[in-house]
Amino acid sequence: MRVVLQRVSRAEVRVAGRVTGKIGPGFVILAGFAPTDTEATLAWMAEKVLSLRVFGDAEGKMNRGLEEVGGGVLVVSQFTLYGDAHKGRRPSFIAAAPPAIAIPLYERFVALLTERGNTLGVPIATGEFGAMMEVELVNDGPVTLILEQ
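Everything in this summary refers to the structure shown in the same document. On a predicted model such as this, the values are computed, not experimentally measured, just so you know. (Residues numbered from 1 in each chain as written. Predicted model: local features only at pLDDT ≥ 70, side-chain atom pairs only at ≥ 80, totals over all residues. Heavy atoms only, no water.)

**A word on the environment of aspartate 140**
Counting through the fold element by element, aspartate 140 comes out in strand β8 (residues 133-148). Measuring from C-alpha to C-alpha, the distance between aspartate 140 and glutamine 6 comes to 7.8 Å, with 134 residues separating the pair along the chain. Discounting chain neighbours no more than four positions away, the residues touching aspartate 140 are Arg7, Val8 and Ser9. (Helix = DSSP H or I, 4+ residues; strand = E, 2+ residues; numbered from the N terminus. Contact = heavy atoms within 4.5 Å.)

**Here we look at the packing of aromatic side chains**
A complete count under the given rule lists four aromatic pairs for this structure. A centroid spacing of 5.4 Å and a plane angle of 15° characterise the contact between phenylalanine 27 and phenylalanine 55, whose relative ring orientation is stacked. Within this pair, whereas phenylalanine 27 is found in strand β3 (residues 26-32), its partner phenylalanine 55 is found in strand β4 (residues 53-56), the two being separated by 28 residues in sequence. Across this residue pair, the class does not change: phenylalanine 27 and phenylalanine 55 are buried. With a centroid separation of 5.6 Å and an interplanar angle of 50°, the aromatic rings of tyrosine 106 and phenylalanine 129 are classed as tilted. With tyrosine 106 in helix α3 (residues 99-120) and phenylalanine 129 in the loop between β7 (124-126) and β8, this pair connects stretches of sequence that are 23 residues apart. When its relative accessible area of 7% is taken as the criterion, tyrosine 106 is described as buried. (Phe/Tyr/Trp six-rings, centres within 6.5 Å; stacked < 30°, edge-to-face > 60°. Buried < 20%, exposed > 50% of the residue type's maximum accessible area, 1.4 Å probe, protein only.)

**Side note on the nonpolar core**
Residues Phe27, Ile29, Phe33 and Phe109 are the most contacted members of the largest nonpolar core, which totals 28 residues. Looking at this core, the elements with two or more residues in it are β1 (2-15), β3, α1 (39-51), β4, β6 (72-77) and α3. The greatest single-element share of this core, amounting to seven residues, is contributed by α3. What isoleucine 29 contacts, discounting residues up to four positions off in sequence, is Val3, Val4, Leu5, Val49, Val73, Leu74, Val75, Val76 and Phe109. (Core = buried A, V, L, I, M, F, W, Y, C linked by side-chain atoms within 4.5 Å.)

Okay, here's the thing in structure tokens:
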């Protein structure tokens, strides 16, 4: 599993002009899945995302988490994170999980985030798997992390 995490001051995702997910401060998660991803992979990533402390404290140090700042998470499926552009001019996506495998992985990842997010008071919003989406965000910092499990 690969995740690009961006700390944002606000973000939303639209499909055909309809807003499917929107947050204020928090994280935009671009999530890509591999055919070998497991429940343990998803659980590790969900816990990692929700426990990261990358918001500034009173001294400006990255020391506060989502629950401390009242942040949310916006999850967007992103199979292109598995794009391989080493050869040729068009990337290959052979390493990405096909939809039959990726959809249940995505749904379970969102469910794990939601379950844990509910206990922390962290709302979870989503895009729409497989749809052509417009993602609008204001990167705060900028802070961008690449996580892989």
